[in-house]
Structure formats: C-alpha cells, structure tokens
Amino acid sequence: MSIGRGRIGYLVHDLGDPAVARRLRMVQAGGATAVLAGFTRGGEPPVGSAPLVLGRTNDARLVARALSVADVALRRLDSLAGAFEGVDAILARNLEMLVIGAALARRLTPRPRLIYECLDIHRLLVAPGPTGQALRALEAGLLARTDLVITSSPAFVSAHFDRLSRPPPVLLVENKVLPETAPLPTACVPSVPDQEGPSGSAEVADRGAPRRSAAGGPWRIGWFGALRCARSLDILINAAARLDGRLEVILRGRPSTAAIPDFHARVAAAPHVTFEGPYRNPDDLAAIYAAVDFAWAIDFYEAGQNSAWLLPNRLYESGLHGALPMAVNGTETAAFLARHGIGITLDEPLSQTLIGCLDALDTVAYARLAEAHASLPVETWRTDLSECEDLVASVLGAEKTIQDRPTMATTAVTPDTGTLVVVPTLNEAAMIESVITALLDGSEPDETCLVVADGGSTDGTQAIVEGLARRDDRIHLIQNPDRIQSAAVNRAVALLGAGRRWLVRADAHAGYPPRYLATLIEEAEATGASAVTVAMDTRAEGAFGCGVAAAQNSPLGNGGSAHRRPGRSGWVDHGHHALMRLDAFTAIGGYDESFSHNEDAELDLRLAAAGGRIWLTAKTAIRYHPRTTVTGLWRQYRGYGRGRAATLLKHARRPRLRQVLPLSVAPALALAFAAFPVGAFGWPALGLAMALPAGIWALTCLAYAAALALRRQQSAVAWAGPAGMIMHAAWSLGFLTHLASRLGAR
C-alpha cells in the first residue's frame, strides 16, 4: 500500500536528531521520496540520507542560530533551490527552518506546498514583552503562507495554535515508535475483532509487558533520550540517595551540557545513579526499557509551557517496550496516562511524592499496573503503515489518492443494505457518548458502521470513543486533519463507504430519538428520495442559551426555513442533512471541502442539478444544542455567512429575500457608527437619518423577542432579541467580507 508518488523537501534544524530519521522513514514508507537539508549540532546525520548540510549551530544559542538562518536566506538560497527543484512540498521543522522554507517556496516554480512541523513551542514564542511579540508576529506572517501544521500533541493545538487570530489547519502526528528492523504493520483500525480479542491483541501479547525487577531487588527508573532537565536530575539523584538501595536510576541518551553543565560530574558522584551512554534508536529501545521498571516521562525544561504540553518520545517508547511511564499531574502526558488508565502520575512536591509512591508500592500493586498497561493495543504506541500513508497524503495535499483504499473519485459503491453513520467531532467530550448511544439504538448491529471523524480533540473525546469502540465493533474512530465537517464526511466515505447503501450525517451537538436511523431509511424507501432531511428543535439551558434557542426556532433567527419548523413533510430544496443514498452522494463528488460552512446547501444544489430529490420528513427530528456564548454564536454565524456567499458565487445564484434582509444589517450598523461624527460636527438630522435603519432593526428584534417572551411566559426568551442581533450581524459581516475578498481576488 503506497501512494507511489510525491517528492518532499525536508528542512531540519538538527540533522542528528533521531526524530528526523523517524520522519524520513515515515515519508519513505508512505510512498514519497525525500530531499534532506539542514544544520548539524555535532550529531551524525541519518544514515543513507545524503543530506545537504547548511552549516553548524549550537544548542541554546538562539542568536547564533538566527544568524545562520539569515546567512542561508541571503547567500545560499539559490543552491538550496537547485537541490529542492521539483519538490511537491517543503516540510520545515521548527520556526527557524520555516523562515527558510517560506523564502524557498517563493523561489520555486510551481510553488510547492509549505508545511510547518512544530514538535515544540519555544518559551520565547509565548513570552511577554517585545521579543515574544516579535516572534509571534513572525510566526503569524509565516503561517499565513503555510498550508498545514504538523504537531505531536493536542495540547500544542489548544494552548497555542487555536489561540491565534487565524488558526491554521493542523495534523496531529504522535511521536509513536516507528519500527526499523521489522516490516511496518498494516493498520489495525478500523477492523472487526476476531475470537482472540480486540484488534492488535495478539501483538500486545507478544511484545514485552511491564515486569518487576528481581524479587527483593530495587525499583529501577530509566530516564532516556534528550537529557536536558536539571530539575529531573535533581529529583532522581535525591530519590536514589534517600531510598538508599531501593531505587536505581539509569540514564541513557544525549545529555545537554548547555542545560546541565555539570551533568557528568554530578552523576559520577551520585549513589545508585548511572549514565550508560547513548543508544541507537529504535534498535536498542527494547533492551534498554527491558532493564527498568519505570520510564521517567517528566520534563521541566520549559515548565508550565512546552514541558506541560508535549507528549514525549519516551512515553511511546516505554509504552511499547514495557516500562511503566511516570508523569507529573497537570501535564498533557499525565492526561494521556489518565485517559488510558495506565502508568503513575505524581503530584508536587515531586521529590516527596516519588519517594512515597515507591515506598508504598509492592509487587502486587505493580502487577495490577502492568496488567492494565499490557491490555492496551499495540497501535497506542507504534506507528503503522496507514499512518505513514496518511502523513504523506496530507503533506502532498492528496489524501484521497492512497491506493488500496476506496476513493470517491474512482470507486463505485455497490448498493447494499449497510448504513454508514458519520459524526464529525472537535472537543465534544460532554456529549459524544450520549450521541453514539442514541444513534445506535434500534439499529441492526450487522448493518451499521458508526464513524467518529475527529479533528484533533484535546478534551478526551477520542479516549471516550476508543473506549466505546473496544466494547462495540460497529464504532470506529478516524482522524480528520482538515478539522472541518465536509472533509470529515468525505474521509469517512472514502475509507468505509464501499458496499454500503445509506449515508447518515450526524451532529455531536444534537439529541436523537429512538429508531432515528430506521425511520430515515423507511422514509427514503417509501418516497424514493435521494436524501431525507429532518427538522431541528433547538433547546438550551441558561438565560442566554434559552434566548438563542428561541431565536433559532423562530423566524427571527431562521427566516422561515422549512427544516426549522417541526411537523411538516414534503419535497424541499434544502434541509438539515440526515440521510443520503451513498451512490448519489459519491456520484456528485461528495462535499466540496473548500467549504467550512454551508457545504450541505451547496451539495443540495448539485444534487438537484443531477436529478436528485430531497424529502423533509415529519416522522422524526433532532434536538439541537446551540452555542450558548456570544463569541461561539458570533463565530458560527459569521462562518454561515461566508459559506452562503461562497455557495451563491460558485453557482451564480442570487440571495433570497430572507437572506437579503439580514444581509443589510452590517451596512446599517456601519452607517450608524458613522452617524456619530456626522451629528457631532453639526448635522444632527443627517446623523439621525443615518442611524435610523440600524435603530429600526434593533428595536424590531427586541420587540419581537419581548412579545415571544410574553406569549411563552418565559422571561429568558427575551434574550432572543440580542441573540438574533448577534446572528444577523455576524451572518451579514461574514457574507460581505467573503464577497469582498473574492471580488478583490478577481
């Protein structure tokens, strides 16, 4: 299985970093060829890679590294462009290499895709003051030219990239172990468990399970990899001395003398602490982790920032090779262990809790921890071939060209009786379990495949789905690196749609009644419709949430849309997407992934043009849970406005009257703001006339909401006025800004 095409230029800050060799092997296993260029820091470059060496830099010397980057950008860019001529994508590791990558991409014709590989967030990038501000401005400017960000921890996304004014598309690629001496395993997910147990269970039984040191012997903690944390060394030396023979600490890897200048002297003087030198990765991993009981997966090098957010290599290495990981609470590593129910998490003060933990631990308790660890599937820790292919496909921007997998463009779906249910998610831990349970209620187990396509959740959504999937083989979890719903549905169809007749798109913000799937299928068969849509009944709690729900359920917020009025059946031009015939969906190419919003209405236009018919059923409906914050509601409706503008432009349509009215809100508000200086400079009548349209609109919204609250005898419904105003203004602004940007581009 290989996409068999693509050439990727890889720019790296340290040619001797083992992670560089791993990424190169992933690129090659995924079917692409790589051109490697970068700086050395004294380590050996990856064997056989024949890299283009750009110079030498030193760890922790940022000014010197910046000068080296400037030297390449000013003097060596032409020679680098010659080496990278013809690449389809440039993959730049760290911000300094992204500077070179962006300059290089502009030099090459045709322009390659630019990918930012960010596996650490440097402390200066989030620091207050002018230095941090300058670096963040530099990053923002570079990200505007970047096609994709690859990162290794969900906390990097939530703590940094999601907080940018324009968050980039992000692909999460964990630091899993990539086997070198053995062939890459094929994907285990999605799969149907056999009689031996869950997918991957046979491999779990064969790999090294955690083991206790010889009876009566000391506990052994291994700290392996990049040894750069002075506080970790202090804690481990202190614990080994205090426990006096009941703990041995084994250190292996590359010590950073810039971070710990007296590393070798301190280790030599410490009792029960030994440094056994560097090791080969991944060749020596099994042997070094077999010699310890626990793996120190704790780092304070950039405490409270990068150290708290990362998921380190040693977490996956120890997990695969049988040492129990140790983490400190409040970090993403500890959250990972908690989600999977394994390992040991420690509280501060760490020196005391580590000693207390080991003092209280006996072989029986260790055996229970070891059993939980060994029960996890091997793909938790190890990269398989499908992940390599997905990485290459995402870098090249060709995720639907992977061979040996069904694709919408080339694979005909044979109609069957099966149903594919797709639930796009992003941080939906609060509702995802109830949504899945409701959707599978009353469905035939052998005919339904429910896929959660996750866009990189950081709140535990994926762990919840993984737990459900272990108990129910109808449930599958896939990744959605594009993080938009249109791409999520298309990806699920491409991977799991073959041989199924029905496609059901579900929303993680909704509640589903009993027999929801069965009712949709019955309606499709009875009417012969290409698609069946449903009504939405919006419900929410809290005063503002109640107002949002009231607005969305009334003409104030929905403009009289048919699918916002439960109890009506009939043929419609558009409705809330529920069920589609999969052959009809694939025949028109699925969702247009350039649409982050309004992709459903855009598809309905193409479906109608192809002769399809859409039925709105009154026999079932969904309960929708809306955004209940001002910012969330604003972002949602601004996206709706952009999507509607994109749809009308693509299909050369004019907006309907119910769309024209809210479209005028943003201009009316702009006119009202301009009225203040006009009135202040001596033209009060003109200023009043300018403010009048916005005033009439605002009073109409508030009066309508007040009347609605009186009719329903619920004071909270009066919040429908402000909620409706937010929805109108955001929709109008989104529509007009998208229209302006498209016309400007033309």
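Reading the values: the criteria
Residues numbered from 1 in each chain as written. Predicted model: local features only at pLDDT ≥ 70, side-chain atom pairs only at ≥ 80, totals over all residues. Heavy atoms only, no water. Helix = DSSP H or I, 4+ residues; strand = E, 2+ residues; numbered from the N terminus. Buried < 20%, exposed > 50% of the residue type's maximum accessible area, 1.4 Å probe, protein only. Contact = heavy atoms within 4.5 Å. Expected span 1.5 Å × (residues − 1). Pairing = 2+ DSSP bridges. Axes fitted to C-alpha atoms, helices over the stretch in contact; angles between N-to-C directions. Left-handed = near helix turned anticlockwise from the far one by under 90°. Nonpolar A, V, L, I, M, F, W, Y, C, P; charged D, E, K, R; others polar. Phe/Tyr/Trp six-rings, centres within 6.5 Å; stacked < 30°, edge-to-face > 60°. Lys NZ or Arg CZ within 6 Å of the ring centre and 35° of its normal. pLDDT = per-residue confidence, 0-100. Salt bridge = Lys/Arg side-chain N within 4 Å of Asp/Glu carboxyl O. Polar contact = N/O pair within 3.5 Å; in protein donor to acceptor, adjacent residues only side chain to side chain.

*Asks:* So what's going on with the overall build of the protein chain? Which residues, and what values?
*Replies:* A tally of helices and strands in the protein chain yields 28 helices and 22 strands. Sorting the 746 residues of the protein chain into buried and exposed places 53% on the buried side. In the protein chain, 76% of the contacts between residues at least 6 apart in sequence involve partners at least 24 apart.

*Asks:* Describe helix α18 (residues 485-496), listing the residues and the values that go with them.
*Replies:* A rise of 1.5 Å per residue sets the reference length of α18, with its 12 residues, at 16 Å; its end C-alpha atoms lie 16 Å apart and thus fit the reference within 8%. Of all 12 residues in α18, 10 are buried, a share of seventy percent or more.

*Asks:* Give a description of the pairing of strand β8 (residues 219-227) that names residues and reports values.
*Replies:* With 7 of 9 residues buried, β8 is to be regarded as a mostly interior element. In the sheet, β8 pairs with strand β9 (residues 247-255) via 9 bridges, with the strands oriented parallel. Note that in β9 the partner of A226 across the bridge is R254. Bridge count between β8 and strand β11 (residues 294-296): 2 bridges; the pairing is parallel. Bridge pairing links I221 to F294 in β11.

*Asks:* Outline the packing of helix α16 (residues 432-440) against helix α17 (residues 461-471), listing residues and values.
*Replies:* As a packed pair, α16 and α17 sit with axes 10 Å apart at the nearest point and diverge in direction by 35 degrees. In the packing of α16 onto α17, the handedness of the crossing is right-handed. Between α16, through I432, E433 and I436, and α17, the contact on the second element is made entirely by T461, I464, V465, L468 and R471. The class makeup of the residues in the contact of α16 with α17 is 5 nonpolar, 1 polar and 2 charged.

*Asks:* Let's hear about the environment of A723: which residues, and what values?
*Replies:* Along the polypeptide, A723 turns up in helix α28 (residues 720-745). Note on A723: relative accessible area 0%, which makes it buried. Along the backbone, A723 and C546 are 177 residues apart, and their C-alpha atoms lie at a distance of 9.6 Å. Once residues within four sequence positions are removed from consideration, A723 is found in contact with F544, G547, V548 and L633.

*Asks:* Tell me what's going on with the side chain of S457, and back it up with residues and numbers.
*Replies:* Along the chain, S457 falls in the loop between β15 (448-454) and α17. Every residue in contact with S457, bar those within four places of it in the chain, is listed here: P154, T425, L426, N427, E428 and Q462.

*Asks:* Would you mind going over the sheet that holds strand β6 (residues 148-151) in detail, with residue names and values included?
*Replies:* Strand order in this open sheet of 7 strands is β3-β2-β1-β4-β5-β6-β7, and the pairing throughout is parallel. Because the sheet does not close on itself, it has two edges, and the strands there are β3 (52-56) and β7 (170-172). Within this sheet the neighbouring strands show an average axis-to-axis angle of 20 degrees, counted without direction. The pairing of strand β1 (residues 7-12) with strand β4 (residues 89-93) spans 4 bridges and is parallel.

*Asks:* Lay out unusual backbone geometry in plain terms, naming residues and giving numbers.
*Replies:* Excluding glycine, a negative phi dihedral is what most residues carry, and trans is how most peptide bonds are arranged. A cis amide bond links T109 with the next residue in sequence, P110, at an omega value of -5 degrees. Its location among the elements puts P110 in the loop between α3 (95-107) and β5 (113-118). Geometrically, the link from E348 to P349 is a cis peptide bond, its omega value of -5 degrees lying close to zero. Examined against the element boundaries, P349 turns out to sit in the loop between β13 (344-346) and α13 (350-360). Of note, the phi angle at N598 is positive, near 65 degrees, even though the residue is not glycine. Under the relative-accessibility criterion, N598 is labelled buried at 12%.

*Asks:* Kindly report on the packing of aromatic side chains, identifying the contributing residues and their values.
*Replies:* A full pass over the atoms with the stated rule returns 16 aromatic pairs. For the pair Y637 and Y640, a centre-to-centre distance of 5.0 Å together with 75 degrees between the ring planes defines the contact as edge-to-face. Residue Y637 and its partner Y640 are located together in helix α24 (residues 630-651), separated by 3 residues, close to a single helical turn. With relative accessibility at 7%, the residue Y637 sits in the buried group. Through successive ring pairs, a cluster of aromatic residues spans W219, F294 and Y366. Across from the ring centre of F300, 4.2 Å away, lies the NZ or CZ of R231, which sits over that ring. Residue placement shows R613 over the ring face of W571; its charged tip is 3.8 Å from the ring centre.

*Asks:* Now, about the confidence of the model for the protein chain: what can you tell me, with residues and values included?
*Replies:* Chain-level statistics for the protein chain give a pLDDT mean of 83 and a share of 85% at 70 or above. Element-level pLDDT for the protein chain is lowest in helix α6 (residues 201-206), with a mean of 37, against a maximum mean of 97 in strand β10 (residues 273-275). With pLDDT under 50 throughout, residues 186-209 is counted as low confidence; its partners more than four residues away or in other chains account for 43 contacts. Here residues 399-415 is a poorly scored stretch, pLDDT under 50, and it has 44 contacts once near neighbours within four places are set aside; other chains count.

*Asks:* So what's going on with the pairing of strand β12 (residues 324-328)? Which residues, and what values?
*Replies:* Counting buried residues in β12 gives 5 out of 5 residues, a clear majority hidden from the surface. The alternating pattern of β12 places L324, M326 and V328 on one face and P325 and A327 on the opposite face, and all of these are buried. Pairing analysis gives 3 bridges linking β11 to β12, with the strands arranged parallel. By the bridge assignment for β12, A295 is matched with P325.

*Asks:* So what's going on with the side chain of R23? Which residues, and what values?
*Replies:* Within the element layout of this structure, R23 appears in helix α1 (residues 18-29). In this structure R23 touches Y10, L91, E117, L119, I150, V173 and L391, once residues within four positions along its chain are discounted.

*Asks:* With reference to specific residues and values, describe the pattern of salt bridges.
*Replies:* Oppositely charged side chains can pair when the atoms bearing their charge come close. Applying the stated criterion across every chain, the model contains 22 salt bridges. A salt bridge links E117 to R23, with the nearest nitrogen and oxygen atoms 2.5 Å apart. Linking E117 in strand β5 with R23 in helix α1, this pair joins segments that are 94 residues apart in sequence. Both residues of the pair, E117 and R23, count as buried. Where R539 meets D537, a salt bridge forms, and the shortest distance between an N and an O atom there is 2.8 Å. Here R539 falls in the partly exposed class, since its relative accessible area comes to 39%. What emerges from the salt-bridge pattern is a single network uniting D592, E602, R606 and K650.

*Asks:* How would you explain the environment of T146 if you had to name every residue and give the values?
*Replies:* Examined against the element boundaries, T146 turns out to sit in the loop between α4 (129-143) and β6. Those residues in contact with T146 that lie beyond four places of it in its chain are L98, L114, I115 and Y116. A distance of 2.8 Å separates a polar side-chain atom of T146 from the backbone oxygen of L142.

*Asks:* So what's going on with the sheet that holds β10? Residues and values would help.
*Replies:* Here 6 strands make up an open sheet; going across it, the order is β10-β9-β8-β11-β12-β13 and the pairing parallel. Strand pairing shows two members of the sheet lacking a second neighbour, β10 and β13, which therefore form its edges. Pairs of neighbouring strands in the sheet enclose a mean axial angle of 25 degrees, with direction left out of account. Bridge analysis of β12 against β13 gives 3 bridges, and the strand direction is parallel. Paired with A327 across the strands is T345, a residue of β13. Across the sheet, α13 lies against β8, β9, β11, β12 and β13, angled at about 145 degrees from β13, the strand it touches most.

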